[in-house]
Amino acid sequence: MGIFFIILSLLLLVFLVFRGVPVFFSAVISGIFCLLTAQLFTGGTDILTGMTSVARLSDPSAPTSYVFGLANYFGTNFWVFVLGAMFGKLYEVTGAANAIANGIINKFGEKAVIPAILLAGAVLTYGGVSVFVCFFALYPLMLTMFKKADITRKLLPAFYFAGAGTFTGWMPGSPALQNTIPADALGVSYSAALVPGLITTVIEAVLVYFWIVWCVKHHKAKGDHFEMTEADKAEMERLDSDKKLPHFVLSLVPMIILLVVLNFTKAGAPLSLLVGVICALICFFKFFDWSQIWNTLKTGLMGGVTSLFNTASVVGFGEVIKSVPAFGDIIGVLTNVNGNPLITSAIAVACMAGVCGSGTGGEGIALPIVKEYFVPQMSPKQIEGLARVSALSALTLDSLPHCGLVVTVIDYTGNTHKSSYIQAGVTNVLIPIICLPILIALCFLFGFA
């Protein structure tokens, strides 16, 4: 009975988010429902304690609560979210993101539209630019290329996600949150399980590429063409503006330095991102409106805080689930029936990411549980495999139809879920799910499981 009500509270969270209720209110309502049903049928913490107690912040033996989960996650990940958002904002306002996208796409030309767009998105996101900033940098370029190649605009979301929303978020060495959060939580390097990770990255990139190629051929065979809209014209005019952009090579420098510091020193993600921000300020000195620099940094800061708070809100809900008696039954099932930590972690992170519509939210809920129950019995190499599998798992069910990024991209491109979600869903849900057991098998093969 208790497990049923936990599942019901998860479904309530999904329903509320899908209906457009802000994630904080969705998480609070679902948390109260979880505590109330537990009290009525199985016992457990009272609602006031379960939602508001902060005792666990100073006393590890105290009962957990919603506020504890939110506050602990917010504090632990504050600098990573904030500095990452600032780094992306600097690339946005200086035009450096546009310069990289322009350079790659112009180099390939219109005859190679698919690899050009995919590579541009991959370089930007692997270099530390957020998927939102990357989208607005790439979108007018994508429109131009789609028009020249006569590709239906229904495929705009799938094209974008193929390069920016798949393998670069979890692959070894990535500064993306989906990679840094499990690495930091489990105490391993950001390039943990390097060989299995790189092999699976190549497999995912190839599958994504050929899926997009098939989509283009399929829609051309159906007679679908590019249809210009008034919004498209406005975007293309934005692309043709006279704003001077940084040189392509110069635009890459802060990204390269960020990746080097992140992966070849013990500085950690927050300090590496700070170095990236400072390098961007220096390299793009000529391209800032310095009278607005504090507003620019503030905008980046608030974007990072908002994203962090939304994620932490869902993590708080995860702590509520941990506080009810039936949670122990779930752990018992997972540890006794399916004893392999990699498989258990993959399922837990993917499912929670689907519930939250967020990979980082899924990691925030599942990883503390996985760490507590499995890591003490694991070898260092096995923990590396656990971190890599968790990173990929976070980018599977996170992109279901209710995901905020998916909704934003489909709406902004003037499409609908009916016209564009299937193509995009195969790109950033089905293909990552196919790659997940491949990665797990490779971890077994190379001794990381």
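What you are looking at is a predicted structure, and each value in this text was computed from that prediction instead of being measured. (Residues numbered from 1 in each chain as written. Predicted model: local features only at pLDDT ≥ 70, side-chain atom pairs only at ≥ 80, totals over all residues. Heavy atoms only, no water.)

With that out of the way, let us pick up unusual backbone geometry. Unusually for a residue other than glycine, Asp 150 sits at a positive phi of about 55°. Mapped onto the secondary structure, Asp 150 falls in the loop between helix H7 (131-149) and helix H8 (156-164). Notably, Ala 193 is not glycine yet its phi reads approximately 50°, a positive angle. Looking at the secondary structure, you find Ala 193 in the loop between helix H9 (177-186) and helix H10 (194-221). Given a relative accessible area of 0%, Ala 193 falls into the buried group. (Helix = DSSP H or I, 4+ residues; strand = E, 2+ residues; numbered from the N terminus. Buried < 20%, exposed > 50% of the residue type's maximum accessible area, 1.4 Å probe, protein only.)

With that settled, the discussion passes to the side chain of Arg 388. With respect to the helices, strands and loops of the structure, Arg 388 is situated in helix H18 (residues 380-393). A polar side-chain atom of Arg 388 sits 2.7 Å from a polar atom in the side chain of Asn 179. Not counting chain neighbours up to four residues away, the residues in contact with Arg 388 comprise Trp 170, Met 171, Pro 172, Asn 179, Tyr 190, Ser 191, Ala 192, Ala 193, Gly 197 and Leu 439. (Polar contact = N/O pair within 3.5 Å; in protein donor to acceptor, adjacent residues only side chain to side chain. Contact = heavy atoms within 4.5 Å.)

For helix H5 (residues 96-108), built from 13 residues, the straight-helix expectation of 18 Å at 1.5 Å per residue is met to within 8% by its first-to-last C-alpha distance of 19 Å. For H5, the full list of buried residues reads Ala 96, Ala 97, Asn 98, Ala 99, Ile 100, Ala 101, Asn 102, Ile 104 and Ile 105. Backbone geometry just after H5 places Gly 109 at a positive phi near 85°. (Expected span 1.5 Å × (residues − 1).)

A separate point is the side chain of Glu 319. Tracing the backbone through its elements, the reader meets Glu 319 in helix H14 (residues 293-323). Side-chain polar atoms of Glu 319 contact the side chain of Thr 64, separated by 2.3 Å. For Glu 319, the contacting residues outside a window of four places in its chain are Thr 64, Ser 65, Phe 68 and Gly 69.

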